[in-house]
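Fold and geometry: a report
Residues per chain, in single letters:
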Amino acid sequence: MNPALPFAQAIAVRGDRILGVGTVEDLAQWGDHELSEQFNDHVLMPGFVEAHTHVMAGAVWEFPYVGFYDRADPTGRTWLGCQTIASVVDRLAECERDLNDPDQTLVAWGLDPIFLKGERLVAKHLDQISTTRPIFVFHASGHLATVNSEMMRRSGIDRYTPTPGVAKDADGEPNGELQEPAAMSLAQDGFAAIGVAMMSPNAKWNYAREARNCGVTTIADLGTTRLAMEGQLEAWRQATDDPSYPARVVVAVGHSDFGSENQDSNPMVSLAVRLRDEEETAKLRFGIVKLVLDGSIQGFTARISWPHYVNPPPGHPGNGLWLIPPEQLADIVSSYHEAGLTVHCHCNGDEAAQVFIDAVETALQRHPRWDHRHTVQHCQLTTTAQYKKMAALGMNANIFSNHIFHWGDQHASITVGEERAARMDACATAQREGVKFSVHSDAPITPMGHLHTAWCAVNRLTASGRVLGPEERISVAEALEACTLGAAYQLRLDHDIGSLEAGKLADFAVLEKDPFEVSPEELKDIPVWGTVVGGTAHVAGSK
Amino acid sequence: MQPSEGLMEVSVIGGYLGAGKTTLVNHILRQASERVAVMVNDFGEINIDQSLIDSRSENTISLTNGCICCSLVDGFVSALESVTSFRPKPTRLVIEASGVADPGAVAAYGHGPGLALDAVVVVTDAFRLCEQIADPLIGQTVVSQIGAADVIVLNKIDLADNLTAVKTELAKLNPDALLAYASHAEVNLDLFFGREIVRTSDPTSHVGKFESRTHESSQPIPRAALEALVENLPPEIQRVKGIIRLAEAPHVAMVFQLVGRNWELRALADRNNSPDGNRLVVIGPKGSVPMEWDNALRSGK
């Protein structure tokens, strides 16, 4: 991805950095060397940079997977999708037999009832697995859980439970489905499990293993880790300081992460500045702040401009939710902006994007600053006019291209309608209007994998196989640049990573085939050997 | 009154940014006559006289009047756990929702173990309300919040020059909620702490002459009989609350709540602390509280 030298024969590494790129003869000018032929039959490209994921991507693998699609775990084992209720029950029964402590709650994740034909999975199905062990199944959406009767018994959930979200059958008995956090939290042992897992060292390792398996050498954990909480920084340091930890991690400070009260102003500013100035190491980076402004499009909670949603569920209020009061955003953005931090703001809807763009403009008027790289995250419905404005203000986009494949059909028919679905996740518009951009998976919301995400941006094929918005397709070269330099730029790391050139860190994705040799439709199917991070090779699928 | 020994009543305070939620929390901390625990997003906004502070730790401030202030640093569920484990146990939990939150969704937590949801109080800015409702960005958020209220505190009435329009708007958005008028969020706490009631019609009389009567009986009451009692309630009665047992499910203690014209019946979450029999408090203007409830409850008819 170095425009001055897009293709080369060999690469020389000294320590953790690239000494040079070129022919073996060119590189011999650096003197004595050892020639490795390990990757003679592979293709090295700049390590992929995934600028929007969450450490939950590692934490979920503490629990068995019962989702619809096949999914590979961090050790490289593929969990076959559970495509019927019977297969969900079989999978869980198998896992139940492996648990020694009869009191331990069986927690599973990834259930997506939209895809399961016929009746809905409820407690009576889970009771086939055990009537004495509590069972808690998280749905893929993160908004729901289904539990068995024993879990309800232990949690005191019965026909008289008044909490909204405890779903009940026609006779008034709870059916095991718990909707939204207040109801899920009643089943405390299960609900708390993923939060606990997220803080564990193993989750941090599995997160990096998952990255390694798909050629990603730098991952951003966007506002998930509560860095103000004691021990969390140390836990990241301990993991990333280990030479065998297979990724660099950018841990973004989450704005909603409240700090100590003994501050005159926004306490997260000083935390983010201190982390950036004092705590960075080669494999642990800071300097990014994450804000969340609206909800999701498929959940009908994104703030989208008129004419809003085309086919919302009954009782929907018409538009989505704000997670930050819109008139407060300029002050919040300004506080980070003035401290020299880079703000990445979750905006799925175009109305949310507009509020963020306006807030950045206000911050710039108050405190002129060049090269801030403030980034619209998800950026799904951002319009051409907004991209022009973002270019004028020096803003970046990180586009949620995986939505085209995963929910594109639903966006066309249910959420925003054909016309706006065709221009969603508009990489070609960003490119044309001169906005620097990247693409992302938001793992674990969709599986991490930049070859797949690039494939989405290049082909725009939905799950049903239609091309959604052919005008917004980009070339393979443009997509791969978005997945490397584009992401490195918005994380403020493009001086160190994102391309293969002398002086940069020796981070490579090691592929079995050349992405420029295969057809664009086959991009996602290229096998990944693994990665090289700072000159150290990490083979995919290993422990 | 407390529904039962050891149970914490929950009030949720919602309302849009700038309406005066934190001012109300400060007012509650100063005026409370019971042990109140408040959960707030940000300690920085809480304005407590240093002389009132008994002790403080990273996430909690204990006041000399027995109240406790707890921050949401470590998340909602964990703050809830720490509040419920305080000893001596607070009798009331006040949760300050964020300025864009749906207070109804926060109130869903008020049914958890050891808790009994009392009321959702939504603070509104009388000066800016009409403008906010018409705002294309925040209008829907403000309207949804008002819709979730049991009690609406119409704050900053000293600044508002269009009070009639504001009242009309609120009556349209949530005709069932109680309306209390305030400036600087100074409202009679008994309003939403369930002791007395402020009438909705007259903004000048903040506290009218009210009486409350407690009705007690031991026999479970048939649901139909209860519905008939509510049906025949004089219109002046604005608040009834307490714990009863239904003849249809006598082993479960139920919390009965009537605010305005809305009423609900739900199981008491804390089974270990449920009292026997029926105990209802009826509150209304003097002379309006019926005597015959005692008999009706007792006979179960």
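Residues numbered from 1 in each chain as written. Chains lettered and ligands numbered in written order. Predicted model: local features only at pLDDT ≥ 70, side-chain atom pairs only at ≥ 80, totals over all residues.

1. Details of the domain arrangement of chain A
Residue and element names in this part refer to chain A. What the domain assignment reports for chain A is domain 1 (56-195) and domain 2 (223-536). Here domain 1 and domain 2 have C-alpha centroids that lie 30 Å from each other. The interface is formed by 4 residues belonging to domain 1 together with 5 residues belonging to domain 2. (Domains from an automatic or database assignment. Contact = placed C-beta atoms within 7 Å.)

2. Regarding the nonpolar core
One finds Leu293 and Phe356 of chain A together with Val38 and Val153 of chain B to be the most contacted residues of the largest nonpolar core, which totals 246 residues. Once residues lying within four places of it in the same chain are set aside, the contact partners of Leu293 of chain A are Trp322, Leu323, Ile324, Leu329, Cys345, His346, Cys347, Ala352, Val355 and Phe356 of chain A. (Core = buried A, V, L, I, M, F, W, Y, C linked by C-beta atoms within 7 Å. Buried ≥ 20, exposed ≤ 12 C-beta atoms within 10 Å, placed from the backbone.)

3. A word on helix α8 (residues 201-213) of chain A
All names here are of chain A. Its 13 residues place the ends of α8 19 Å apart at the C-alpha level, agreeing with the 18 Å of an ideal helix rising 1.5 Å per residue. Most of α8 is tucked away: 10 of the 13 residues are buried. For α8, the complete set of buried residues consists of Ala203, Lys204, Asn206, Tyr207, Ala208, Arg209, Glu210, Ala211, Arg212 and Asn213. Phi turns positive one or two residues past the end of α8, at Gly215, with a value near 80 degrees. (Helix = DSSP H or I, 4+ residues; strand = E, 2+ residues; numbered from the N terminus. Expected span 1.5 Å × (residues − 1).)

4. Side note on the pairing of strand β18 (residues 396-399) of chain A
All names here are of chain A. Residues Asn396 and Asn398 line one face of β18 and the alternating positions Ala397 and Ile399 line the opposite face, and both faces are buried. Looking at chain direction, strand β17 (residues 375-378) and β18 are connected through 4 bridges and run parallel. Note on β18: the bridge partner recorded for His378 is Ile399. Crossover connection from β17 via helix α13 (residues 384-393) to parallel β18: handedness right-handed. Where β18 meets strand β19 (residues 437-439), 3 bridges bridge the pair, whose relative direction is parallel. Residue pairing across strands places Asn398 opposite Ser438, the latter belonging to β19. (Pairing = 2+ DSSP bridges. Right-handed = clockwise from strand over helix to strand, strands pointing away.)

5. Side note on the packing of helix α12 (residues 350-366) of chain A against α13 of chain A
All names here are of chain A. Following both chains from N to C, one finds α12 and α13 inclined at 25 degrees, their axes separated by 11 Å at the closest point. In this view, α12 runs roughly parallel relative to α13, as classed from their interaxial angle. α12 and α13 meet at a crossing whose hand is left-handed. Here Asp350, Ala353, Gln354, Ile357, Val360, Glu361 and Leu364 of α12 lie close against α13, whose contacting residues are Gln386, Lys389, Met390 and Leu393. By residue class, the composition of the contact of α12 with α13 is 6 nonpolar, 2 polar and 3 charged. (Axes fitted to C-alpha atoms, helices over the stretch in contact; angles between N-to-C directions. Parallel < 35°, antiparallel > 145°, perpendicular 65-115°, else oblique. Left-handed = near helix turned anticlockwise from the far one by under 90°. Nonpolar A, V, L, I, M, F, W, Y, C, P; charged D, E, K, R; others polar.)

6. Looking at the sheet that holds strand β6 (residues 92-96) of chain B
Residues and elements named next belong to chain B. Read across the open sheet, the 9 strands follow the order β3-β4-β5-β2-β6-β1-β7-β8-β9; overall the sheet is mixed. Each of the sheet's edge strands pairs with one partner strand only, and the pair in question is β3 (53-56) and β9 (178-181). Across the sheet, the axes of successive neighbouring strands diverge by a mean angle of 20 degrees, strand direction being ignored.

7. Focus: unusual backbone geometry
The amide bond that connects Trp306 of chain A to the next residue, Pro307 of chain A, takes the cis arrangement and shows omega of 10 degrees. In this structure, Pro444 of chain A follows Ala443 of chain A across a cis peptide bond, with omega equal to 10 degrees. Of note, Pro444 of chain A is situated in the loop between β19 and α17 (450-459). You will see that Lys156 of chain B, though not glycine, has its phi angle at about 65 degrees, which is positive. One can find Lys156 of chain B in the loop between β8 (151-155) and α6 (163-173). Despite not being glycine, Ala185 of chain B has its phi angle at roughly 55 degrees, a positive value. A count of 21 C-beta atoms within 10 Å places Ala185 of chain B in the buried class.

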